[in-house]
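For reference, the chains in residue letters:
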Amino acid sequence: VLHTNLIDELERFAVILNTQLFSSFIELQNDQINRMNTALKKREQQLLEAQDIGQVGSFEWDLAGKQSSYTPQMFKIFEMDGPTDLNSFLDNVHPDERQKVKAALEKAFVNGDYECEYRYVKNHREKLILSRGKVQFEDGKPARMVGTVTDVTERHRIIKKLEESEKLHKQAQALTHIGNWSWLMAENKVLWSDEMYRIYALEPQSEEITYERFVSFIHQDDRSARIAEIKKSLETLQVEEYHFRITDAKGIIKVLRGKGE
């Protein structure tokens, strides 16, 4: 009887211990899952904040139309309240760009890579959108696409403004016969503007200019003095206004006035 009671007691103890151990294991698992969920939510929030700052949205497009997902920035860029189908989306693509978008998608469904820059019109405002993506295949058929969309309207506007500014700058240099240069000493490279090439009777950007090539244009009678001025400037970090003669590529002697920093 004592032996049986002892065995029963041990069995009850084992059951209670196993139950407590299992409960502890579940609690630890839940705690770990909660920590992981908290970390994932933090990462997701950081990603969404970064997308909002960079005006970038991301998407996973289920081509079967079942489980597509989009970040909030996607809807903000496209000014949509929620998901829509491809045809409705294309209605807002600029008419001149729709065929371009369709062709890029058709190409992606074959080779897997999607990239397209196009104009998008919504609420009477035009945007320039850059979209990139990767198509995932199942059984050799396109199943879904994951990718990003970026509003590059402002970047494009700045680039256009810089291009226009550069064009005006070149026109001003041509009218006033002023050229500008930068000497990258470590690379032995001298960068000339288009007008600098014209001053030296060369086609703009027709050759790479080095220090030695520049020196070769200086008139023989002025060469030593000009080289001495350059060396002094490198030692003192002061550049005085200077004058010197050159013999240009056509053999014509010219007098140049220069300033530097």
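Computed from a predicted structure; not experimentally measured. (Residues numbered from 1 in each chain as written. Predicted model: local features only at pLDDT ≥ 70, side-chain atom pairs only at ≥ 80, totals over all residues. Heavy atoms only, no water.)

Participant: It is not clear to me how the overall build of the protein should be interpreted in this structure. Could you clarify?
Facilitator: Helix and strand counts for the protein stand at eight helices and nine strands. For 261 residues, the compact-globule formula gives about 18 Å, and the C-alpha radius of gyration of the protein, at 35 Å, lies well above that figure. Dimensions of the protein, computed from C-alpha atoms along their principal axes, come out at roughly 125 × 55 × 35 Å. For the protein, restricting intrachain contacts to residue pairs at least 6 apart in sequence, the fraction spanning at least 24 positions comes to 38%. Total accessible area on the protein stands at roughly 18700 Å², and carbon and sulfur atoms take up 54% of it. Positive and negative side-chain charges of the protein, numbering 37 and 43 respectively, have mean locations separated by a distance of 5 Å. (Helix = DSSP H or I, 4+ residues; strand = E, 2+ residues; numbered from the N terminus. Rg over C-alpha atoms; globule rule 2.2 N^0.38 Å. Contact = heavy atoms within 4.5 Å. Areas by Shrake-Rupley, 256 points an atom, 1.4 Å probe, with all protein chains shown as cover. Lys, Arg positive; Asp, Glu negative; His and termini not counted. Charge placed at Lys NZ, Arg CZ, Asp CG, Glu CD.)

Participant: I'm lost on unusual backbone geometry in this one. Help?
Facilitator: The bulk of non-glycine residues show a negative phi, and the bulk of peptide bonds are trans. Despite not being glycine, H124 has its phi angle at roughly 65°, a positive value. Looking at the element boundaries, H124 is found in the loop between β3 (113-122) and β4 (125-138). A residue is classified by how much of its surface remains accessible, and H124, at 84% relative accessible area, is exposed. One non-glycine residue with positive phi stands out, namely L237, at about 60°. Relative to the elements of secondary structure, L237 occurs in the loop between α8 (220-236) and β8 (242-247). (Buried < 20%, exposed > 50% of the residue type's maximum accessible area, 1.4 Å probe, protein only.)

Participant: Can you help me understand helix α5 (residues 153-176) in this one?
Facilitator: Counted at 1.5 Å a residue, the expected span for α5 with its 24 residues is 34 Å, and the 35 Å between its end C-alpha atoms agrees. Of the residues flanking the end of α5, it is H177, one or two places downstream, whose phi is positive at about 55°. (Expected span 1.5 Å × (residues − 1).)

Participant: Is there a simple way to think about the side chain of S131 in this case?
Facilitator: Within the element layout of this structure, S131 appears in strand β4. Judged by relative accessible area, S131 falls into the buried class, the value being 3%. Looking at S131, its side chain comes within polar contact range of the main-chain oxygen of T148, at 3.3 Å. The contacts of S131, once residues within four sequence positions are left out, are F59, Y114, E115, C116, Y118, T148 and V149. (Polar contact = N/O pair within 3.5 Å; in protein donor to acceptor, adjacent residues only side chain to side chain.)

Participant: Help me understand the packing of aromatic side chains in this model?
Facilitator: Aromatic ring pairs are defined here through the distance separating the ring centres and the angle between the ring planes. This structure, assessed with the given rule, holds 13 aromatic pairs. Residues W192 and Y197 carry aromatic rings whose centres are separated by 5.4 Å and whose planes lie at 80° to one another, so their mutual orientation is edge-to-face. Accessibility classification places W192 together with Y197 in one group, the buried group. An aromatic cluster of at least three residues, connected via ring pairs, comprises W183, Y211, F214, Y242 and F244. A cation sits over an aromatic face here: R226 above Y242, 3.6 Å from the ring centre. (Phe/Tyr/Trp six-rings, centres within 6.5 Å; stacked < 30°, edge-to-face > 60°. Lys NZ or Arg CZ within 6 Å of the ring centre and 35° of its normal.)

Participant: In this structure, what is going on with helix α4 (residues 98-111)? I would like to understand it.
Facilitator: Residues spaced three or four apart along an α-helix point in a common direction, a consequence of the helix completing one turn every 3.6 residues. The terminal C-alpha atoms of α4 lie 20 Å apart, and with 14 residues this matches the ideal 20 Å at 1.5 Å per residue to within 8%. Within the span of α4, buried status applies to V101, A104, L105 and A108. Around the axis of α4, the buried residues are gathered within 100° of arc, so they sit on the same side. Opposite the buried face of α4, by more than 90 degrees, sit the exposed residues Q99, E106, K107 and V110. The first or second residue beyond α4 is G112, which carries a positive phi of 95°. (Arc of directions from axis to C-beta.)

Participant: Which parts of the structure should I look at to understand the sheet that holds β4?
Facilitator: Sheet strands pair via backbone hydrogen bonds, and the direction of the pair is either parallel or antiparallel. Spatially, the five strands line up as an open sheet ordered β2-β1-β5-β4-β3, and their pairing is antiparallel. At either margin of the open sheet sits one strand with a lone partner, and together these are β2 (69-70) and β3. Judged from the seven bridges that link them, strand β1 (residues 56-62) and strand β5 (residues 141-151) form a sheet pairing that is antiparallel. The partner of S58 across the bridge, within β5, is T148. Contacting β1, β3, β4 and β5, α4 runs over the sheet at an angle of about 155° to β3. Lying over the sheet, α5 contacts β4 and β5, oriented at roughly 120° with respect to β4. (Pairing = 2+ DSSP bridges. Axes fitted to C-alpha atoms, helices over the stretch in contact; angles between N-to-C directions.)

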